[in-house]
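# Structural characterization, general
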Amino acid sequence: MNTPLLLLLLFGAATLPSARGVGSAPARTDLIQHFTQRPTGTVPVSQYTGQVREFTLEVRRVTTELSPGVPVEQWAFGFPGQSASVPSLELRVRQGDLMRITLVNTQDQPHTLHLHGVTSLAQEMDGVPHTSGVVLPGKSFTQEFVATKTGTYAYHCHQQTNVHLDMVLYGALIED
Ligand SMILES: [Cu+2]
């Protein structure tokens, strides 16, 4: 086989016009550039129109007796100095409020506070370990966003989700 034909077979197919066709999806780099330039739904925290709602949460170990004589350890977000319950506290805000949540990690493993379904926040405020970081033991982190859409959302720990979510680290977030 001659060299040009071999190169075409090895590397050429993906670059031929027919490989993408007319009307195909935009290239991945175009999509990434579009997203980073115009993050969908993100509202600058300075643009809140309501009140500032501040919450400080810690992760607590809770013992629940699922049936008589069967205690089970569960985890819950709770206010400092107060007993926690499962599921975690309901957080309620009004549309236009600035939500400011500080997670204080008094435990011996990392946690996060992911705001499930809320789209009006910056990525670093979303509590997803790989993209937003984690709150290490002994540390705290404050997340801010503007509540822009009424609805029922959830917040939960996103660290080692299969374990931490299973331990009941979640609660309701209501925007009304
Ligand atoms: Cu956790």
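Fair warning: this is a prediction, and the values are worked out from it, not measured in the lab.

To continue, consider the sheet that holds strand β5 (residues 114–116). Read across the open sheet, the four strands follow the order β3-β8-β7-β5; overall the sheet is mixed. Each edge of the open sheet is held by one strand with a lone partner, namely β3 (91–93) and β5. Ignoring strand direction, the axes of neighbouring strands in this sheet form an average angle of 25°. Across three bridges, β3 lies against strand β8 (residues 170–175) in parallel orientation. Paired with V93 across the two strands is E175, which belongs to β8.

Here the focus is the pairing of strand β2 (residues 70–78). Judged from the nine bridges that link them, strand β1 (residues 52–67) and β2 form a sheet pairing that is antiparallel. The residue bridging R61 from the neighbouring strand is W75, located in β2. Counting the residues between successive antiparallel strands, the hairpin from β1 to β2 contains two residues, one of them, G69, with a positive phi of roughly 80°.

Conventions and cut-offs
Residues numbered from 1 in each chain as written. Predicted model: local features only at pLDDT ≥ 70, side-chain atom pairs only at ≥ 80, totals over all residues. Pairing = 2+ DSSP bridges. Helix = DSSP H or I, 4+ residues; strand = E, 2+ residues; numbered from the N terminus. Axes fitted to C-alpha atoms, helices over the stretch in contact; angles between N-to-C directions.

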